[in-house]
Structures are given as C-alpha cells and as structure tokens.
Amino acid sequence: MNFNFTRCVSVAFSFVLVCALPDLASAESERAAADDSARHTNQGVKFAREKQYEKAITEFSKAIEQEPNDPKNYENRALVYRLTGKREQALGDLTRLIELARRTRKPIRARAKLKFSKENWTRRSMI
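Cut-off values and rules
Residues numbered from 1 in each chain as written. Predicted model: local features only at pLDDT ≥ 70, side-chain atom pairs only at ≥ 80, totals over all residues. Heavy atoms only, no water. Patch = residues over 30% accessible without salt bridge, like charges linked within 9 Å, V, L, I, M, F, W, Y side chains within 5 Å. Areas by Shrake-Rupley, 256 points an atom, 1.4 Å probe, with all protein chains shown as cover. Salt bridge = Lys/Arg side-chain N within 4 Å of Asp/Glu carboxyl O. Lys, Arg positive; Asp, Glu negative; His and termini not counted. Charge placed at Lys NZ, Arg CZ, Asp CG, Glu CD. Helix = DSSP H or I, 4+ residues; strand = E, 2+ residues; numbered from the N terminus. Buried < 20%, exposed > 50% of the residue type's maximum accessible area, 1.4 Å probe, protein only. 1 Å grid on protein atoms, 1.4 Å probe; cavity = no way out; pocket = protein on both sides within 12 Å on 5 of 7 lines; lining within 4 Å. Points joined across faces, edges and corners; volume = space filled by probe spheres on them. Nonpolar A, V, L, I, M, F, W, Y, C, P; charged D, E, K, R; others polar. Core = buried A, V, L, I, M, F, W, Y, C linked by side-chain atoms within 4.5 Å. Contact = heavy atoms within 4.5 Å.

Chemist: Looking at this structure, I do not really get a positive patch on the surface. What am I missing?
Modeler: Where like charges cluster on the molecular surface, the positive patch consists of Arg82, Arg105, Arg109 and Lys113. Following the sequence through the fold, Lys113 ends up in helix α5 (residues 106–115).

Chemist: I'm lost on the pattern of salt bridges in this one. Help?
Modeler: If charged atoms from side chains of opposite charge come close, those side chains can pair. This structure, assessed with the given rule, holds seven salt bridges. With a shortest N-O distance of 2.6 Å, Arg77 and Asp93 are connected by a salt bridge. In this pair, Arg77 sits in helix α3 (residues 71–83) while Asp93 sits in helix α4 (residues 87–100), placing the two residues 16 residues apart along the sequence. Each member of the pair Arg77 and Asp93 is classed as buried. Put simply, Arg96 and Glu99 hold a salt bridge, and the shortest N to O gap is 3.0 Å. Placement of the pair is Arg96 and Glu99 together in helix α4, with a separation of three residues, close to one helical turn.

Chemist: Sorry, what's going on with the layout of surface pockets here?
Modeler: Any empty space left between the atoms is revealed when a probe the size of a water molecule rolls over them. The computed volume of the largest pocket comes to approximately 290 Å³. Lining the largest pocket are 13 residues, with Glu75, Leu79, Arg82, Leu94 and Ala110 positioned closest to its centre. Secondary structure elements with two or more residues in the lining of the largest pocket: α3, α4 and α5. Looking at the lining of the largest pocket residue by residue, the classes come out as eight nonpolar, one polar and four charged.

Chemist: Just checking my understanding: could you explain the nonpolar core for this structure?
Modeler: Among soluble globular proteins, nonpolar side chains are generally buried collectively. Ranked by internal contacts, the top residues of the largest apolar core, which has 15 residues, are Ala56, Val80, Leu94, Leu97 and Leu114. Mapped onto this core, the elements with two or more residues apiece are α2 (53–66), α3 and α4. Beyond its immediate chain neighbours, meaning those up to four positions away, Leu114 contacts Arg82, Arg87, Ala90, Leu91 and Leu94.

These figures capture arrangement, not role.
Structure representation (structure tokens):
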C-alpha cells in the first residue's frame with residue numbers, strides 16, 4: 001500500500017474548503033447587507049437634510065430591514081417622524097432604540113420629552 005502525501009493533503013484541503021464555504025458565503029452576505037444598510041442610512045440623512053422627510057423615512061426603513069439591530073437608524077427615523085408630526089411612530093422607534101442602546105440615556109430622555117410634550121397635554125388631563 002503506497003501512501004501519497006500530496007494526495008492526502010489535497011483531499012484534506014478540499015474538505016476544509018467545502019466545510020468553510022458556507023461560512024464564507026454567510027460572512028459575504030452579512031457584509032453586503034451592512035454595506036446596503038449604510039448606503040440607505042447615508043441616503044436617508046441626505047434626504048432629511050434636504051427636508052424631503054418621506055424619502056428619508058423610506059431610506060431609514062430600508063436600512064432597518066437590512067440591519068434591524070443597528071440603533072442609529074431607529075434614532076434617525078424617530079427624529080424624522082417627530083419632525084413630520086408622526087408622534088406614535090417616533091415613540092415606537094425610540095422604544096426600540098432604548099432596547100438596543102441600553103448604555104445611554106439619550107433615547108430615554110428623547111422618548112420622555114416626546115411623550116410628555118406640550119401638544120400632548122390637554123386641559124382635561126391637567127385637572
């Protein structure tokens with residue numbers, strides 16, 4: 001029985017490649033999603049600065065679809081919702097932001113300010 005070292009190494013290398021390919025594909029897919037999310041975030045910021053708020057909301061929503069655990073997109077979209085008077089949607093995004101960004105109090109203060117803002121109070125609630 002002949003032992004062919006080159007053949008053995010070749011088979012082992014092929015096995016490693018086949019086993020590693022799904023991980024490589026997964027990593028590539030995650031990188032593509034992150035790049036796509038960043039593109040949508042940048043586009044959303046651009047639209048928000050141009051006061052094209054509905055387009056900004058659409059772009060931030062697309063970024064959230066790509067990267068649902070990225071807090072910056074919820075913060076950006078909440079700000080645009082607040083600017084367009086979509087209070088409930090802003091509160092929802094701020095709540096999700098609080099869940100994702102537990103180390104900072106900024107979203108908690110923003111949600112409280114929005115929840116207890118002047119336009120939310122009525123004469124009846126003050127009695």
